[in-house]
Amino acid sequence: MARKSRVSQEADPAVDLTPMIDIVFNLIIFFMIVSELSNLTVEQIQLPFANHAEKVVPGGGGGDEAKVLQINVMPGGLIKIRGAAYTTVPELKNEYPWLASFLEIEAAAYEREPPEPGQQGTPPSALRVNIRADKEVQFKFVQQVFDACVKNGIYKTSVAATQDDPK
Amino acid sequence: MARRKNRFGMDEPSADLTPMIDIVFNLLIFFMCATKFRTTEGMIRAFLPKNRGQGSGTPQIDLNEIRIKLLWCDSSGRETKGDQGFVVVKIADQVYNQPGELEQLRYPETSPMWEGLGAKLADFKAGYKGTSEKGLPVIIDSRKQVPTKYVVCVLNQVVGAKIEDVTFAAPEIEY
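In what follows, the accompanying structure is described.

**Some remarks on a nonpolar patch on the surface**
- A cluster of nonpolar side chains, namely A:F25, A:I29, A:I33 and B:M20, defines an oily patch on the protein surface of about 370 Å² accessible area.
- By residue number, the principal contributor to the nonpolar patch is helix α1 (residues 18-34) of chain A, which donates three residues.
- Here A:I29 shows up in helix α1.
- Its relative accessible area of 45% is what places A:I29 among the partly exposed residues.

**Some words on the side chain of A:N72**
All names here are of chain A.
- Here N72 shows up in strand β2 (residues 68-73).
- Here R132 takes part through its side chain, which lies 2.7 Å from a polar atom of the side chain of N72.
- With sequence-adjacent residues up to four places away left out, N72 is seen in contact with T41, V42, E43, I45, L78, I79, K80 and R132.

**A short note on the sheet that holds strand β5 (residues 86-91) of chain B**
Residue and element names in this part refer to chain B.
- Taking strand neighbours across the sheet as the criterion, the five strands line up as β6-β5-β4-β7-β8 in an open arrangement whose pairing is mixed. Edge positions in the open sheet fall to β6 (94-95) and β8 (165-168), since each of these has one partner strand only.
- On top of the sheet, helix α2 (residues 112-126) reaches β4 (66-73), β5 and β6; it is set at about 20° to β5, its chief contact.
- The sheet strands contacting helix α3 (residues 148-160) are β4, β5, β7 (137-142) and β8, and the helix crosses β7 at an angle near 170°.

Here is what the cut-offs are and how they apply
Residues numbered from 1 in each chain as written. Chains lettered and ligands numbered in written order. Predicted model: local features only at pLDDT ≥ 70, side-chain atom pairs only at ≥ 80, totals over all residues. Heavy atoms only, no water. Patch = residues over 30% accessible without salt bridge, like charges linked within 9 Å, V, L, I, M, F, W, Y side chains within 5 Å. Areas by Shrake-Rupley, 256 points an atom, 1.4 Å probe, with all protein chains shown as cover. Salt bridge = Lys/Arg side-chain N within 4 Å of Asp/Glu carboxyl O. Helix = DSSP H or I, 4+ residues; strand = E, 2+ residues; numbered from the N terminus. Buried < 20%, exposed > 50% of the residue type's maximum accessible area, 1.4 Å probe, protein only. Polar contact = N/O pair within 3.5 Å; in protein donor to acceptor, adjacent residues only side chain to side chain. Contact = heavy atoms within 4.5 Å. Pairing = 2+ DSSP bridges. Axes fitted to C-alpha atoms, helices over the stretch in contact; angles between N-to-C directions.

Spatial relationships are all this shows, so hold off on functional conclusions.
This is the structure we're talking about:
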């Protein structure tokens, strides 16, 4: 704290705020960089643990990250894609859009790869799907997502998992 | 802008920093609260069968394939269709856990049973005498009620055993 000398007979305390402002600005910049304010593709769910899972390297997947569709399977079995809800349960077909119909439209936007010899059905799509399922959700919901993918020629799928030890 | 006299008696401009500091502190608190640090997220590739499963042609059956079953059983070990049940992992006739053994653990993902399953799969892979180019085919056949974490645990051990030909069995068709 700087004070004027007694000679000047004027006690005017002035706090030097410069270092504090420097630190606070640095903190703000840090939190702005590390925070995820609106990540619509990835929902907050508890992923299952798998220590042998491949690490997802942002920007390191050969440039085809744009072709990866994140499908979130929520704890109750509801499907969320880019923030919108879909369903695979026939009883909920009137309340939410049908997942297979969405995937049909989505896969149509990507080129089709040549089918393998003897393969029947829809030619394989270049679209890749990553299924992020809550660890407690019944597997039938994940199976239904797989089924919807196969029906639309989406064979490149992966299951998301956390590598953080559950303990 | 406030002014004060310097030692030469001249006016020295000084900015009032209070509003800026208020805003900066508010921003800091906001970002501190809104920050969610990323957890290490990985993925396990699960290429779906193009020539097997629902809606495809004649299935190619490899007699050496391994089918890992995740059954949904009651406490007596009998399969149940209800939502309440226990997971039982089985390959052929070998049962890897008793009903409720995994569920009673706080972190069933860390049970030593999974390592045992992984070691067994590595043995199967080493002893594979089939003709498939991709090596030992493994089918994960899970009942629909099984929580996904157990299926991923099995998939994790299959990947850990360096088995490349992994497929999920088609869902059961109810009559």
